[in-house]
Amino acid sequence: MRAIVFEKSDLNDLRVVELSRPKPNPHEVVIRVVESGVNPVDYYTVTSRWVKPMPHIPGAEFAGIVEEVGDHVSTVKPGDKVVVYGRVFDGTCDLCLASMENLCRNGGIVGIVTNGGWAEYAVVPDRNLIKLPSDVNWDLAASLPVAALTSYHALREANLRAGETLVVFGASGNTGQFAVQLGKLMGARVIAVSGKSWVSELGADYVASINNVKDMVEKATDGRMADVVVDPLGERTWSVSVSLLGRGGRWVTFGQLTGGEVKIQLSLLYSNQFKLIGSTGGTRRELLELVNIMGKLKVKVDKYYELSEAREALTRLFSPQRNGRIMIKISV
């Protein structure tokens, strides 16, 4: 099979190689990978020293078709269309037993602590697979495990409720696209912060720039300000995004794309009873819930790449010309 591998922490070391197709253990499944979403986690995987095994196949977010199952697998069969839950978890620690597999004390991320999905075939535990409908949209399916699930989990951690006001920073990005849509499905009024006008097509009630978002939030809420702010961008947008919170507001993040060091005035935090929430990934149950509502979701794709163009795909990820998701098509 063809696969993308690297041995050095360097984008220029990415290359296509021929490998033997993996064989499943009794509780594993071999899937033929159809499509993969490209995320910042993939970029940092390729440029990090902390991955295993080496040589390494990256790719944290993917979906495909079951090719072969292990002897003890009964939940899926060859030909089933599936999405891969992208967390490695032991299933026995206290957090796993509390259905928080994303926080497993002995776990990690598929594509970082294991080989990932940038290959024609991938082997994964059967418990990491969720069946997809037969008429699946592969762009959407391959966006569920990271882009959609990360946003969904964050909104649930922030306890977003119907009738509340949600502000989403980076609304045209991987996670932002889904935060806007999921916020609307949860019944919130959504203000998207983006320079892309098409974000309104995702259901945003208002689209603002970082320069006018405070005025827009004040006007839309009659001065009450936002109930929930999602900001995965970090340092550069911190002062603006936290200033949008109303009393009792919740600020949630799952990234730091522009830097990770921020300052906060503690009196502002406690006098307004703000909640600052960190969120990571999501649970298997939440991924199943996303599969069940995927017909109500859509994804805007900027560009498709072939498996052999992985380096170009990762470079495009941070391009100012990017206008939607970057996807890698691996098979049909």
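For the structure given in this document, a descriptive report is provided here. (Residues numbered from 1 in each chain as written. Predicted model: local features only at pLDDT ≥ 70, side-chain atom pairs only at ≥ 80, totals over all residues. Heavy atoms only, no water.)

### Notes on the nonpolar core
Ranked by size, the top nonpolar core spans 49 residues in total, and within it L132, L144, L166 and V180 carry the most contacts. No other element matches the seven residues that helix α4 (residues 144-157) contributes to this core. In this view, V180 contacts V168, A171, V190, A192, V199, L202, G203 and A204; residues no more than four positions away in its chain are not counted. Judged by nonpolar contacts, the second largest core, of 39 residues, contains A3, L11, V38 and V46. (Core = buried A, V, L, I, M, F, W, Y, C linked by side-chain atoms within 4.5 Å. Buried < 20%, exposed > 50% of the residue type's maximum accessible area, 1.4 Å probe, protein only. Helix = DSSP H or I, 4+ residues; strand = E, 2+ residues; numbered from the N terminus. Contact = heavy atoms within 4.5 Å.)

### Focus on helix α5 (residues 174-185)
The terminal C-alpha atoms of α5 lie 18 Å apart, and with twelve residues this matches the ideal 16 Å at 1.5 Å per residue to within 8%. The buried count for α5 comes to ten of twelve residues, which makes it a mostly enclosed element. Positive phi shows up at G187, right after α5, with a value of about 95 degrees. (Expected span 1.5 Å × (residues − 1).)

### Some points on a nonpolar patch on the surface
On the surface, a cluster of nonpolar side chains totalling about 420 Å² of accessible area is made up of I264, L266, Y270 and L276. Looking at the element boundaries, Y270 is found in helix α8 (residues 266-271). The exposed category is assigned to Y270, whose relative accessible area is 63%. (Patch = residues over 30% accessible without salt bridge, like charges linked within 9 Å, V, L, I, M, F, W, Y side chains within 5 Å. Areas by Shrake-Rupley, 256 points an atom, 1.4 Å probe, with all protein chains shown as cover. Salt bridge = Lys/Arg side-chain N within 4 Å of Asp/Glu carboxyl O.)

### Digging into the pairing of strand β16 (residues 301-306)
Sheet faces and side chains relate simply in a regular strand, where the side chains alternate between the two faces. Relative to strand β17 (residues 325-329), β16 runs parallel, the two sharing five bridges. Along β17, the bridge assignment pairs E306 with K329. Crossover β16 to β17 through helix α10 (residues 310-316) is right-handed. (Pairing = 2+ DSSP bridges. Right-handed = clockwise from strand over helix to strand, strands pointing away.)

### Here's the deal with the packing of α4 against helix α9 (residues 284-293)
The interhelical angle for the contact between α4 and α9, taken along N-to-C directions, is 110 degrees, at an axis separation of 10 Å. As the angle between them shows, α4 and α9 are arranged roughly perpendicular. In contact with L144, P145, A148, L149, Y152, H153 and R156 of α4, α9 contributes E286, L287, E289, L290 and V291. Here the contact of α4 with α9 is built from residues that sort into eight nonpolar, one polar and three charged. (Axes fitted to C-alpha atoms, helices over the stretch in contact; angles between N-to-C directions. Parallel < 35°, antiparallel > 145°, perpendicular 65-115°, else oblique. Nonpolar A, V, L, I, M, F, W, Y, C, P; charged D, E, K, R; others polar.)

### Some thoughts on the sheet that holds strand β10 (residues 165-169)
The strand order across the open sheet formed by six strands is β12-β11-β10-β13-β14-β15, and the pairing between neighbours is parallel. Of all the strands in the sheet, just β12 (206-208) and β15 (275-278) have a single pairing partner and so form its edges. With strand direction ignored, the average angle separating the axes of adjacent strands in the sheet is 20 degrees. Relative to β15, strand β14 (residues 245-253) runs parallel, the two being bridged by four bridges. Bridging across to β15, W251 finds its partner in L276. Taken strand by strand, helix α6 (residues 213-220) contacts β10, β11 (189-193), β12 and β13 (226-230), and its axis lies near 170 degrees from that of β11.

### Some thoughts on the pattern of salt bridges
Pairs can form between side chains of opposite charge whenever their charged atoms are close. Evaluation of the coordinates by the stated rule reveals 20 salt bridges. With a closest N to O distance of 3.4 Å, R2 and E120 form a salt bridge. A residue pair is termed long-range when its members are at least 10 positions apart, and R2 in strand β1 (residues 2-5) and E120 in the loop between β7 (108-109) and β8 (121-125) qualify at 118 residues. The shortest N-O distance in the salt bridge between D205 and K184 comes to 3.0 Å. In this pair, D205 is assigned in the loop between β11 and β12 and K184 in helix α5, connecting sequence segments 21 residues apart. Among the residues examined, D205 registers a relative accessible area of 36% and is labelled partly exposed. Each of the salt bridges in this network shares a partner with another, and the network as a whole consists of R21, K23, E67 and E68.

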